[in-house]
Each structure stands twice: as structure tokens, then as C-alpha cells.
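# A structural walkthrough
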Amino acid sequence: MDRNEVLLVGRLSAPAEEHPLPSGDTLTKWRIIVRRRRHRRGATLSDSVPCITFNPDVAAVVRALKPREYIEVTGSFRCRVYGPSTGKTWRYEVEVSTAKPCEGELPDLSDPPQLPEPARPATGTDPAQLAALIPRQVPYLAPTG
């Protein structure tokens, strides 16, 4: 089953912007700053993730926050295409379904918590079963341009 679920916890970058649409709906837009794990050279990198919602309750939560305050949102990843057929613009954003403010300071990701040592399999286990237990590295999305 396909799943399109996003959970972001970060800081609000600036006050939310509202855009009334011809349909009568209101589109609320904002960005969340999400820190990455500490870079090899010691610098902390971050991403600015565009978020939108059509839900007035979610918009009210976001409008009540000040820039740099922590927020947790859930939603779906969307790709929107704008412009004429000769010059399309692709934009990726998170369509938010729930939002709530986060209290206090979030933990620093520079030193990730250590996971407990996994239990060792019993001797005589099939090598194919052992290979299935080895975690695979997941590639990161590379920045473009």
C-alpha cells in the first residue's frame, strides 16, 4: 500500500501568509525551518520546508505562533505545477492536515542518542535470515542546482 505521510518538527520561519482564492477558500502558506544532523565539518545545516493548508483550524494554530517558535505538523507531500505549457514551474510543499505548537527546546541532533545493543541471534541461524537483519543505509535526497 502506498503511503504519503509527513511529520515535521521545527521552527516557524516567518508569520503565515493568507491568500483568498476565487473559490472562496483561503490558502495559508508558511515555512518551517528543520535542522539536519550536524555536518561532518561541524556546521549545522537546515532546510526551509514550504507548508500550506486549506483547513481554517490548522491556519489558526499557525497564525497564533510567532516566528522562531517550535511547531509540529503532519500532512502529505505534494507536487504542484504552475504556468503555461511552454514554461512549467514545479513546486514541492507539504499540505498540512494537523498542526500543534511544541513546548520548550528540542534536543540537539549533533549527538544522536545511542540505540540499545540489538539481541544477538542464536548460533546456527540461516545466513539468509542474518542478512535480512542487517540494516540498509537509506540515501539522502541530494540538493539540486
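What comes next concerns the included structure. Note that this is a predicted model, so its numbers are computed, not measured.

## A look at the nonpolar core
Ranked by size, the top nonpolar core spans 16 residues in total, and within it Leu-8, Trp-30, Val-73 and Val-96 carry the most contacts. Counting only elements with at least two residues in this core, the list comes to strand 1 (6-12), strand 3 (26-35), strand 4 (46-53), helix 1 (56-64), strand 5 (70-82) and strand 6 (89-101). Beyond its immediate sequence surroundings of up to four residues, Leu-8 is in contact with Val-34, Val-49, Cys-51, Ile-71, Glu-72, Val-73 and Val-94.

## Remarks on the pairing of strand 3
Of the strand pairs in this sheet, strand 1 and strand 3 are connected by two bridges, and their pairing is antiparallel. Note that in strand 3 the partner of Leu-12 across the bridge is Ile-32. The pairing of strand 2 (residues 17-20) with strand 3 spans four bridges and is antiparallel. When the bridges of strand 3 are listed, His-19 appears paired with Leu-27. Taking the residues that link successive antiparallel strands as the turn, the strand 2-strand 3 hairpin has five residues, and the phi of Gly-24 there is positive, at about 100°.

## Focus on the packing of aromatic side chains
As enumerated under the stated definition, the model contains one aromatic pair in all. A ring pair is formed by Phe-77 and Tyr-92, whose centres lie 5.6 Å apart and whose planes are at 10°; its orientation type is stacked. With Phe-77 in strand 5 and Tyr-92 in strand 6, this residue pair connects regions lying 15 residues apart in the sequence. With a relative accessible area of 44%, Phe-77 lands in the partly exposed category.

About the criteria used
Residues numbered from 1 in each chain as written. Predicted model: local features only at pLDDT ≥ 70, side-chain atom pairs only at ≥ 80, totals over all residues. Heavy atoms only, no water. Core = buried A, V, L, I, M, F, W, Y, C linked by side-chain atoms within 4.5 Å. Buried < 20%, exposed > 50% of the residue type's maximum accessible area, 1.4 Å probe, protein only. Helix = DSSP H or I, 4+ residues; strand = E, 2+ residues; numbered from the N terminus. Contact = heavy atoms within 4.5 Å. Pairing = 2+ DSSP bridges. Phe/Tyr/Trp six-rings, centres within 6.5 Å; stacked < 30°, edge-to-face > 60°.

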